[in-house]
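The primary structure of each chain is shown beneath.
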Amino acid sequence: MLLQATRLHGVPPTMLYTPGQLRRAVSITPETYRHWKKTLEPLRRASGHSPCFSAGDLVAVALIRSLTLDLGIRIGALTPIGEPLFELCNRATWPILERSKLIVDLPGARLELSPELTETLSDRPSITIPLRSIMAELREQLLAESDSREQTSLRFPPLPVGGAPAIARGGRQ
């Protein structure tokens, strides 16, 4: 999964993912990705097949997937929260996100990250998304992808070739 590491001004290396890896990790089709890319500015920074998406970007797209596919919200309705969602997911660490819930106020175009066990009071309609299962699903997808690229065992064990008798006869080693 790791394609590129960057180190800028003391910032630790960051894994970057290609658009194809992003689509596989969040289980969306190329057509869905192209449609969302037209609507959401943060997805437009991808150029070709080069690695350009962070782990936080994957979380943001997984949340967008949940809002659109699971809850039936049109992608166009998410445009006002697109940029703030990507920023929020890139600021918070994965352990913090796993223990949090995202509160989405679509009419007010506001997002709030709150600890999962705190009570949320609001006088406005909002959507609450527990992040634990989304993060677990993403982790599982990323680990499955990296496992498939591991070197497989050799079909036949290594055997010594030649040895002392071959050298004595003037053969190759």
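Note that the structure is predicted; figures quoted are calculated from it, not measured.

Trainee: For this particular structure, what's the right way to read the overall build of the protein chain?
Mentor: Each helix and strand in the protein chain was counted, giving 7 helices and 3 strands. The linear arrangement of helices and strands in the protein chain, starting from the amino end, is α-α-α-α-α-β-β-β-α-α. Counting all 173 residues of the protein chain, 35% fall into the buried class. Excluding contacts between residues fewer than 6 apart, the proportion of contacts in the protein chain whose partners are at least 24 apart in sequence is 60%.

Trainee: Looking at this structure, how should I read the pattern of salt bridges?
Mentor: Where charged atoms from two side chains of opposite charge approach closely, those side chains can pair. Going through the model one piece at a time under the given rule, you end up with 6 salt bridges. With its nearest N and O atoms 3.7 Å apart, the salt bridge here joins R34 to E31. Taken together, the residues R34 and E31, both in helix α2 (residues 30-39) and 3 residues apart, mark about one turn of the helix. Taking relative accessible area as the criterion, R34 reaches 47% and is therefore assigned partly exposed. Between R139 and E98 there is a salt bridge whose closest N-O contact spans 2.3 Å.

Trainee: When you look at the sheet that holds strand β3 (residues 127-130) in this model, what are you seeing that I'm missing?
Mentor: Consider a sheet: its strands pair through backbone hydrogen bonds, and that pairing is either parallel or antiparallel. Strand order across the open sheet formed by 3 strands is β2-β1-β3, with antiparallel pairing between neighbours. Each of the sheet's edge strands pairs with one partner strand only, and the pair in question is β2 (110-115) and β3. Taking the axes of each pair of neighbouring strands and ignoring which way they run, one obtains an average angle of 20 degrees across the sheet. Note that strand β1 (residues 100-105) and β3 share 4 bridges and pair antiparallel. Its bridge partner lying in β3, K101 is registered against P130. Sitting on the sheet, helix α4 (residues 79-91) is in contact with β1 and β2, with an inclination near 30 degrees to β2.

Trainee: What is the right way to read the packing of aromatic side chains from this model?
Mentor: Any pair of aromatic rings gets described here by the distance separating the centres and the angle formed by the planes. Scanning the model with the defined rule gives 0 aromatic pairs in all. The ring of Y33 is capped by R23, whose NZ or CZ atom sits 5.9 Å from the centre of that ring.

Trainee: Would you explain the packing of helix α1 (residues 19-26) against helix α3 (residues 55-70) in this entry?
Mentor: Packed helix pairs are characterised by how far apart their axes lie and by the angle those axes make with each other. For the pair α1 and α3, the least separation of the axes is 10 Å and the interaxial angle reads 50 degrees. Here α1 lies oblique to α3, going by the angle between them. Once α1 is placed against α3, the crossing between them reads as right-handed. In this structure, α1 uses L22, A25 and V26 to contact α3, whose residues at the interface are D57, L58, V61, A62 and R65. Looking at the contact of α1 with α3 residue by residue, the class counts come to 6 nonpolar, no polar and 2 charged.

Trainee: Before we go on, may I ask you to explain the pairing of β2 in this structure?
Mentor: Remark: a regular strand shows side chains that alternate across the two faces of the sheet. Two strands pair when backbone bridges link them, and β1 and β2 are joined in this way by 6 bridges, in the antiparallel orientation. Paired with K101 across the bridge in β2 is S114. A loop of 4 residues connects β1 with β2, the two strands running antiparallel in sequence, and A109 in this loop sits at a positive phi of about 55 degrees.

Trainee: I would appreciate a short explanation of the side chain of E98 in the present structure.
Mentor: Considering the arrangement of structural elements, one finds E98 in helix α5 (residues 94-98). Assessed through its relative accessible area of 18%, E98 is described here as buried. Of the polar contacts made by the side chain of E98, one reaches the side chain of R139; its length is 2.3 Å. Leaving out residues up to four positions away in the same chain, E98 has contacts with E116, L131, R132, M135 and R139.

Thresholds, definitions, all that
- Residues numbered from 1 in each chain as written.
- Predicted model: local features only at pLDDT ≥ 70, side-chain atom pairs only at ≥ 80, totals over all residues.
- Heavy atoms only, no water.
- Helix = DSSP H or I, 4+ residues; strand = E, 2+ residues; numbered from the N terminus.
- Buried < 20%, exposed > 50% of the residue type's maximum accessible area, 1.4 Å probe, protein only.
- Contact = heavy atoms within 4.5 Å.
- Salt bridge = Lys/Arg side-chain N within 4 Å of Asp/Glu carboxyl O.
- Pairing = 2+ DSSP bridges.
- Axes fitted to C-alpha atoms, helices over the stretch in contact; angles between N-to-C directions.
- Phe/Tyr/Trp six-rings, centres within 6.5 Å; stacked < 30°, edge-to-face > 60°.
- Lys NZ or Arg CZ within 6 Å of the ring centre and 35° of its normal.
- Parallel < 35°, antiparallel > 145°, perpendicular 65-115°, else oblique.
- Left-handed = near helix turned anticlockwise from the far one by under 90°.
- Nonpolar A, V, L, I, M, F, W, Y, C, P; charged D, E, K, R; others polar.
- Polar contact = N/O pair within 3.5 Å; in protein donor to acceptor, adjacent residues only side chain to side chain.

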